[in-house]
Amino acid sequence: MTREHLLNLDLPALAAILKTAGMPPFRARQIMEWVFQHRARSFDQMTNLSLRDREFLADRFVIFTAEKARHVTSQDQTEKILLRWPDGGLTESVMIPCDDDQADDYGRTVVSHRRTACLSTQVGCPVGCAFCASGLEGLKRNLTSGEMIEQALQLTHLLPEQRRLTNIVFMGMGEPLANLDATCGALKTLTAPWGLHIGARKITVSTVGLPPQIRALAAHGLPVTLAVSLHAPNDDLRRQIIPWATGISIDMITSAATDYFEKTGREVTLEYIMLAGVNTLPQHADELASIARKIRANVNLIYYNEVPGIPFLRPDGGTMKTFQQRLRTLGVNTHVRRSRGRDVSAACGQLARQDRVPLEIHRDTPRTGGDKSRSHRAL
Ligand code: SF4
């Protein structure tokens, strides 16, 4: 019998299965505690369970299903893992550490230790953004909610015992809202007290902008931050770089984003990957500002990380600064997202691509530019 992925189950579902096996009601909670709090990798480690119960569980369930195909650590301590799933599919997950000073509610300086996990939601991606390595080969399949949670746990296991993940961004490979049910299942486990117990406000779901799914996410009642990967300030340009933008206008997206804000109370963020000479002109900043003001959105400007074989270029610091300043002058709260892990193929999809295509080929490929520093992605 094929064993079931334990991480696909929530607490009530596990309790129901264990009840039929004659186990007491508290057993499910004990198992979740072992997995999420004590970082157990196998049922053998669950020493407060009887041998009989552990054998039953090991016959019936598997906790981790993926093999860690690669693990690279950047000079800035960003860690990136490439997971190979049992069907051979590859996905990337990233852990971004950030230790800095922040003011608390009383104005005192406190050191904040953020550990942000960037998770994938699909093997490959159906959206096919022109600047993105993940979109190059299209969609292979959706990930299950358990596979998303497994990524979070694999990243947790990289941390010292006293540290835990503090933030989650769904900005890895795939379009989270094209796999909405599984993404919402994962959100449930990430936020549950019996799960990873991360506040919904510390979680960001990034989307290329699918209006019905944005409204469906709002209806789930979890106030996660919604990040819309706009990347172009008008429909003509957007359709040239994001194939899925055909048929979905910016107006349709801003209308859904407004509904999201009204329903959840969470401000929407506009993600804008800066592609040198393509979407970085002053008129682009003016158009972007008017969209952001209309929906009271913050803007994150993202440096493009170049991907061999993709003809887009990373802008220089001066271009970023001038664009940011213009947006701020127009009244838009704008940040430049720090570029992390550049020395370990930071662009989403690059590790997976290297695993499939020999590195020699990448070295021989002329660097004409472009990577998607994670199109709508976190690094
Ligand atoms: S940038 Fe995001 S949405 Fe676009 S192809 Fe890449 S993973 Fe998919």
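Hey, could you run me through the overall build of the protein chain in this one?
For the protein chain, the count of helices and strands is 12 helices and 14 strands. Counting only carbon and sulfur atoms, one obtains 50% of the accessible surface of the protein chain, whose full area is about 16,000 Å².

Even after reading the chapter, I still don't get the pairing of strand 4 (residues 79-84), so can you show me in this structure?
Walk down a regular strand and you will see the side chains alternate between the two sheet faces. Burial analysis of strand 4 places five of its six residues in the buried class, the great majority of the element. Sheet analysis places strand 3 (residues 67-73) next to strand 4, joined by six bridges and oriented antiparallel. Paired with Arg-70 across the strands is Leu-82, a residue of strand 4. Turn length for the strand 3-strand 4 hairpin, with the two strands adjacent in sequence and antiparallel, is five residues, and the turn residue Gln-77 shows positive phi of about 75°.

Help me understand the packing of aromatic side chains in this model?
The description of an aromatic ring pair rests on the distance of the ring centres and on the angle between the ring planes. This model, assessed by the stated rule, comprises five aromatic pairs. Here Tyr-272 and Phe-323 contribute two aromatic rings whose centre-to-centre distance is 5.5 Å and whose plane-to-plane angle is 20°, an arrangement assigned as stacked. Within this pair, whereas Tyr-272 is found in strand 12 (residues 269-274), its partner Phe-323 is found in helix 10 (residues 317-329), the two being separated by 51 residues in sequence. Summarising the burial analysis for this pair, Tyr-272 and Phe-323 share the class buried. Put simply, the rings of Phe-131, Tyr-304 and Phe-312 pair up and form one aromatic cluster.

Can you help me understand helix 2 (residues 27-36) in this one?
Helical periodicity: at 3.6 residues per turn, an α-helix aligns residues three or four positions apart in one direction. Most of helix 2 sits inside the fold, with eight of its 10 residues counted as buried. Along helix 2, the residues classified as buried are Arg-27, Ala-28, Gln-30, Ile-31, Met-32, Trp-34, Val-35 and Phe-36. Looking at the buried positions of helix 2, the neighbouring elements they touch are helix 1 (11-20), helix 3 (51-60), helix 4 (145-156) and helix 5 (180-191).

When you look at the confidence of the model for the protein chain in this model, what are you seeing that I'm missing?
In low-pLDDT regions, the fine details of the predicted coordinates are not to be read closely. Averaged over every residue, the pLDDT of the protein chain is 89; residues scoring 70 or more account for 87%. Under a pLDDT of 50 for its full length, residues 357-379 has, in the predicted model, 103 contacts with residues more than four places off or in other chains.

I would appreciate a short explanation of the side chain of Thr-254 in the present structure.
By the secondary structure assignment, Thr-254 is in helix 8 (residues 250-264). A polar atom in the side chain of Thr-254 sits 3.0 Å from the backbone oxygen of Asp-251. With residues up to four places along the chain from it excluded, the contact list for Thr-254 reads Ile-291, Lys-294 and Ile-295.

I keep staring at the environment of Ala-285 and nothing clicks. Help me out?
Within the secondary structure layout, Ala-285 lies in helix 9 (residues 282-295). Each C-alpha atom of the pair Ala-285 and Thr-322 lies 9.5 Å from the other, and the pair is 37 residues apart in sequence. When residues no more than four places from it in sequence are discounted, the contact partners of Ala-285 are Phe-323, Arg-326, Leu-327 and Leu-330.

So what exactly am I meant to see when it comes to the pattern of salt bridges here?
A pair can form between side chains of opposite charge whenever their charged atoms are brought close. The tally for this structure, following the rule as stated, stands at 13 salt bridges. Between Asp-53 and Arg-27 there is a salt bridge; the shortest N-O distance is 3.0 Å. With a gap of 26 residues between them, Asp-53 in helix 3 and Arg-27 in helix 2 connect regions that are remote in the sequence. When its relative accessible area of 10% is taken as the criterion, Arg-27 is described as buried. Between Glu-147 and Arg-141 there is a salt bridge, and its shortest N-O distance comes to 3.0 Å. Judged by its relative accessible area of 21%, Arg-141 falls in the partly exposed class.

Help me out: how do you make sense of the environment of Ile-63 in this one?
Secondary-structure assignment places Ile-63 in the loop between strand 2 (61-62) and strand 3. In this structure Ile-63 comes out as buried when scored by relative accessible area, which is 3%. In this structure the C-alpha to C-alpha distance between Ile-63 and Gly-146, which are 83 residues apart in sequence, comes to 9.1 Å.

Please explain the nonpolar core as it appears in this structure.
One broad rule of soluble globular proteins: the nonpolar side chains tend to lie buried together. Among the nonpolar cores identified, the biggest contains 105 residues, and Phe-170, Leu-217 and Leu-270 are the most heavily contacted of them. Residues Val-94, Cys-118, Val-169 and Met-171 belong to the second largest nonpolar core, which totals six residues.

What's the story with the packing of helix 6 (residues 211-219) against helix 8 in this structure? I'm lost.
Direction vectors running N to C along helix 6 and helix 8 enclose 5°, while the axes themselves pass 9 Å from each other. As summarised for this structure, helix 6 and helix 8 are arranged roughly parallel, according to the angle between their axes. Where helix 6 approaches helix 8, its residues Pro-211, Ile-214, Arg-215, Leu-217 and Ala-218 are matched on the opposing element by Met-252, Ile-253, Ser-255, Ala-256, Asp-259, Tyr-260, Lys-263 and Thr-264. When grouped by side-chain class, the residues that make up the contact of helix 6 with helix 8 number eight nonpolar, two polar and three charged.

I would appreciate a short explanation of the environment of Gly-199 in the present structure.
With respect to the element layout, Gly-199 can be found in the loop between helix 5 and strand 10 (203-207). Note: C-alpha distance between Gly-199 and Pro-223 (24 residues apart in sequence) is 9.1 Å.

What should I look at first to understand helix 6 in this one?
For helix 6, the complete set of buried residues consists of Pro-211, Ile-214, Leu-217 and Ala-218. The arc that holds the buried residues of helix 6, viewed along the axis, is 120°, so those residues lie on one side. Counted as exposed and oriented over 90 degrees from the buried face of helix 6: Pro-212 and Ala-219. Trailing helix 6 by a residue or two, Gly-221 shows a phi angle of about 80°, which is positive.

Criteria and thresholds
Residues numbered from 1 in each chain as written. Predicted model: local features only at pLDDT ≥ 70, side-chain atom pairs only at ≥ 80, totals over all residues. Heavy atoms only, no water. Helix = DSSP H or I, 4+ residues; strand = E, 2+ residues; numbered from the N terminus. Areas by Shrake-Rupley, 256 points an atom, 1.4 Å probe, with all protein chains shown as cover. Buried < 20%, exposed > 50% of the residue type's maximum accessible area, 1.4 Å probe, protein only. Pairing = 2+ DSSP bridges. Phe/Tyr/Trp six-rings, centres within 6.5 Å; stacked < 30°, edge-to-face > 60°. Contact = heavy atoms within 4.5 Å. pLDDT = per-residue confidence, 0-100. Polar contact = N/O pair within 3.5 Å; in protein donor to acceptor, adjacent residues only side chain to side chain. Salt bridge = Lys/Arg side-chain N within 4 Å of Asp/Glu carboxyl O. Core = buried A, V, L, I, M, F, W, Y, C linked by side-chain atoms within 4.5 Å. Axes fitted to C-alpha atoms, helices over the stretch in contact; angles between N-to-C directions. Parallel < 35°, antiparallel > 145°, perpendicular 65-115°, else oblique. Nonpolar A, V, L, I, M, F, W, Y, C, P; charged D, E, K, R; others polar. Arc of directions from axis to C-beta.

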